[in-house]
Structure formats: C-alpha cells, structure tokens
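Chain and residue survey
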Amino acid sequence: MIRIIFSLFIGVAAVVQSVSAAEPVQLAANAPDSYVVKKGDTLWDISGKFLSQPWRWPEVWQMNRDQIRNPHLIYPGQIIVLDRSGPYLRLGRRVGRDIKPTIYTSPADQAIPSIPQNEIAPFLTQPLVVDEKNIAHSATIVATQENRLFTGQGDTVFAKDVDPSIDQWYIYRPARPLEDPVTKEVLGYEAVHLGSANVTQHGNPAVLEITLAKQEIGTGERMLPADRPDLLSYVPHAPESKVEGRVIGIYGGVSETGRQGVITLGVGQRDGIEVGHVLALYRYRGEVEYKDEETGDKETFNLPEHRYGLVFVFRVFDRVSYGLVVDATAPVKVADTVRTP
C-alpha cells in the first residue's frame, strides 16, 4: 500500500490544539531530537520518549484529526523528528544529516500499534458486553443435532432470527450484570463467549455448523454477528469533552489490578468515548475529622482525590468500555473514578 509521507512532513494539516492552554505540553527528560521506529515499538512507548505525558502526542503531531485517530502511517525504519520550537513531531527519512519526506510501500500489517496487542487480543475476537437491545435482537439456538443436550465443534445447530445476509456468528450467554458501583444501575451484561458458528443453510430455522466451542453449547444460547473490531492503530488522545465515570469491573474476577491490567469502565459511546481515548484514574481519599487538643474544637475535611494512573480505551460499547491500564502508581480498584485527564 502506497504511503505518502510528504504531506505529513510539510505539515499541511493543522496541529491539534492543546486540551488545556494553561498546561503546555512538556518534553520528556532527555527527549531525543529524532527516533528510528523499530519493530515491537508501540505508539505509547514512542510518545514517552518525547513527551512527559505520552497521551498528549496528538497535540504536537502534524497530522489532521482523522489521521491522528487512525494513522496507519508509522512503520519500522521511519524516523520521528522533534522540532523543539513548537514542540512538533514530524515523520520522514534521514538522508545524510537531513530529514526528507518520502514515498514508500509498506504492508499495513507492519504498522506500529498504539499499545501491545498481545495484552488485549482475547478482547478483540469475542463479544464482551450485551445490553437489553442486543439481547432482544439476538438470534437463538432452538435445537441441536440429534436433540443432544450439548454440542461441540463440528456439530450442527438450528437457530431462529438469523439475518440471511450474515453467515458468521458468535455464540454467547448473557451472564454477570455490569452495575455502576455507586448508583447500582445495570449498564449491560458481560457476555460469556461460548464459541462461533457458520451458516450452512439459511431459513427459519437456519442451519449452522459450530466452528469453535469454548464451552458446551445447548438450546437457548444466543448469537450475535461475528464482527471483529478494527485493529488498534489509534494514537492516544483525550476526549474532546468532559467525561466522568467509574471502574465497574476488573478482568479475571480479582479485586484490584495494576499496569497492563484490563478494566471495565462505566462509560461508553453515549458518553462520547471512542477507541484511543485516554482517561485518568482517580481515588477518593475519604473524609477525616481533626480535633484541636487545646480547644476541643472539631473540623471535618474532605481529602483531595489521588490521581494515580491512566487507562487507554481499546473497545467501546453503548454504555460500557474496556481499557488497558498503561500507567499506575497504585492498585486500580472497582469504584475508582475515571475522567478526562
């Protein structure tokens, strides 16, 4: 695929403005003048070489807004150049002592990802969250091969409400409700991914062959179209508006997690969340009472929140999203607050 870097290099697109003019972008200590992209790099790691806050890279990257959110333009062997007058970041190739724009060919699958995809691969290939609307419009398995109680890979099942234009389906079971830890409102249901199936004959019911069985599959199981989210090539960026929500779950059923942990957030598409958003993690420190030993007077103080980390959103649903903890100085716990950094 031909990648035209020239337009990026000369900066025909406007620089994204800072989220907060009162907080200018700060360069990292010992930020290099340039960096050669290597295989295995992530956009987050590269950003951290230049900036003290890696997620603010788009503010100094000379691309237009669409390219920032889905660049697909950064590959091993390219050079990222720092112009300290802005600061600005530009892309090119070195020729002698100079950096010049270039045109070159590179397969898309070699593009540098935003974050390590091995950490989140299982979350990209299966349904994670369903809501009442999903459940109401799901296809349903109504019978199994030879009326077996349970079926597995290679077996045949029969399902109703199968969209005749779709051949590949995920089989799931609605499970644990995802609740806001403060309001107790149900934001969705975490789906248990049971497997996958392909339609061999459309009709009512449709005939499907189970192509993957992670658990036993029986009648009554639900199905959703098997759509894989776009691979992550999104540069980290802050939401354009104020967002606030809660950590509502931690993957694996544990009580807390840390850096590289996957967490469930109680904000989603309807809150303006999109893939690539970076949110700050906060913890409420509570209330304390102080008693003056001389006078006996008592005062109550609400301790300021503790901002202790960042989370990179990599998959988004209507009211729920999933994120990877990319920075944390304290354990992440359910009910902690997430908001626009």
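Along every chain, residues carry numbers that run from 1 in the direction the sequence is written. The predicted origin of the model limits local features to residues at a pLDDT of at least 70 and limits the giving and counting of side-chain atom pairs to 80 or more, whereas totals for whole chains, interfaces and linings rest on all residues. Side-chain metrics rest on all non-hydrogen atoms present in the structure, leaving aside hydrogens and water.

Let's talk about the overall build of the protein chain
Put simply, the rule reads: Every helix listed is a DSSP run of H or I at least four residues long, and every strand listed is a run of E at least two residues long, numbered separately from the N terminus. Relative accessible area decides the class of each residue, using a 1.4 Å probe on protein chains only: under 20% of the type maximum gives buried, over 50% gives exposed, and in between gives partly exposed. Contact criterion: two residues are considered in contact whenever any of their non-hydrogen atoms come within 4.5 Å of each other. A 1.4 Å probe and the Shrake-Rupley method give the accessible areas. Residues count as covered only by the protein chains that appear here.
When its secondary structure is counted, the protein chain shows 5 helices and 23 strands. In the protein chain, which comprises 341 residues, the proportion classed as buried is 45%. Put simply, 70% of the contacts in the protein chain that link residues at least 6 apart link residues at least 24 apart. Split by element, the accessible area of the protein chain, about 17,200 Å² in all, is 48% carbon and sulfur.

Description of the nonpolar core
The condition is simple: For the purposes of this section, nonpolar cores are sets of buried Ala, Val, Leu, Ile, Met, Phe, Trp, Tyr and Cys residues that join through side-chain atoms within 4.5 Å. Residue ranges labeled as domains rest on an automatic or database domain assignment.
If you look at the biggest cluster of nonpolar residues, it comprises 23 residues, and the most contacted ones within it are Trp44, Ile115, Phe314 and Tyr322. Structurally, this core is a two-domain feature, drawing no fewer than three residues from each of domain 2 (123-225) and domain 3 (244-339). The next biggest cluster of nonpolar side chains, apart from the first, holds 17 residues, and it includes Leu265, Val267, Leu279 and Ala330.

A closer look at a nonpolar patch on the surface
Formally: A patch consists of residues exposed above 30% relative accessible area that lack any salt bridge, with like charges linked at up to 9 Å and nonpolar side chains (Val, Leu, Ile, Met, Phe, Trp, Tyr) linked at up to 5 Å. Salt bridges are defined as contacts in which a side-chain nitrogen from Lys or Arg sits within 4 Å of a carboxyl oxygen from Asp or Glu.
A cluster of nonpolar side chains, namely Val288, Tyr290, Phe301 and Leu303, defines an oily patch on the protein surface of about 340 Å² accessible area. Tracing the chain through its elements places Val288 in strand E18 (residues 287-291).

Examining unusual backbone geometry
Residues Asn204 and Pro205 are joined by a peptide bond in cis, for which omega reads 10 degrees. Along the polypeptide, Pro205 turns up in the loop between strand E11 (186-201) and strand E12 (206-213). In this structure, Asp161 is a non-glycine residue whose phi angle is positive, near 60 degrees. One can find Asp161 in the loop between strand E9 (156-160) and strand E10 (168-179). Positive phi is not limited to glycine here, since Ala335 has a value of about 85 degrees. In this fold, Ala335 is placed in the loop between strand E22 (332-333) and strand E23 (337-339).

Concerning the pattern of salt bridges
Here the idea is simple: oppositely charged side chains can pair when their charged atoms come close. For the structure on display, the rule yields 10 salt bridges. For Arg319, the salt bridge is made with Glu185, and the minimal N-O distance between the two is 2.7 Å. Placement of the pair is Arg319 in the loop between strand E20 (306-316) and strand E21 (321-328) and Glu185 in the loop between E10 and E11, with a sequence separation of 134 residues. Note on Glu185: relative accessible area 38%, which makes it partly exposed. Between Asp318 and Arg270 there is a salt bridge, and its shortest N-O distance comes to 3.0 Å.

Details of helix H2 (residues 43-50)
Which entries qualify depends on this criterion: As used here, the arc is the angular range of directions from the helix axis to the C-beta atoms.
For H2, every residue scored as buried is listed here: Leu43, Trp44, Ile46, Ser47 and Phe50. Projected onto a plane normal to the axis of H2, the buried residues spread over an arc of 160 degrees and lie on a single side.

Digging into the packing of aromatic side chains
Between two aromatic rings, the relevant description is the distance of the centres plus the angle of the planes. Condition: Stacked, edge-to-face and tilted labels apply to pairs of Phe, Tyr and Trp rings (six-membered ring for Trp) whose centres lie within 6.5 Å, assigned for plane angles under 30 degrees, over 60, and everything in between, in that order. Geometrically, a charge over a ring is one whose NZ (Lys) or CZ (Arg) sits within 6 Å of the ring centre while staying within 35 degrees of the ring normal.
Counted under the stated rule, the structure contains 1 aromatic pair. Pairing Phe317 with Tyr322 gives two aromatic rings, centres 6.3 Å apart and planes at 75 degrees, and the pair type is edge-to-face. Residues Phe317 and Tyr322 agree in their burial class; the two are buried. Looking at Arg283, its charged tip hangs above the ring of Tyr308, at a distance of 4.7 Å from the centre. Over the aromatic face of Tyr282 sits the side chain of Arg339, whose NZ or CZ is 4.5 Å from the ring centroid.

Observations regarding the pairing of strand E13 (residues 222-225)
Formally: One requirement defines pairing of two strands: DSSP has to find at least two bridges between them.
For strand E8 (residues 139-144) and E13, the ladder comprises 2 bridges, and the chain directions are antiparallel. Across the sheet, Ala139 pairs through a bridge with Met223, a residue of E13.

A word on the sheet that holds strand E14 (residues 244-250)
Inclusion rule: Lines fitted to C-alpha atoms define the axes, with helix axes restricted to the stretch in contact, and inter-axis angles between N-to-C directions lie between 0 and 180 degrees.
Strand order in the closed barrel made by the 6 strands is E14-E16-E21-E20-E17-E23, with antiparallel pairing throughout. The mean angle between the axes of side-by-side strands here comes to 45 degrees, regardless of whether they run parallel or antiparallel. With 4 bridges connecting them, strand E16 (residues 262-265) and E21 associate as antiparallel partners. Bridge pairing links Thr264 to Tyr322 in E21.

Thoughts on the side chain of Thr151
Turning to its location among the elements, Thr151 is positioned in the loop between E8 and E9. Among the residues examined, Thr151 registers a relative accessible area of 5% and is labelled buried. Sequence-distant contacts of Thr151, defined by excluding residues within four places in its chain, comprise Thr144, Gln145, Thr156, Val157, Ile210, Glu216 and Ile217.

Observations regarding the confidence of the model for the protein chain
Filter applied, for reference: Confidence scores here are pLDDT values: one per residue, from the predictor, ranging 0 to 100.
Here the protein chain shows a mean pLDDT of 80. Residues at 70 or above account for 78%. Note that pLDDT drops below 50 for residues 1-22; the model gives that stretch 53 contacts with residues more than four away or on any other chain. This stretch, residues 99-108, has a pLDDT under 50; its non-local contacts, to residues over four places away or in other chains, come to 35 contacts.

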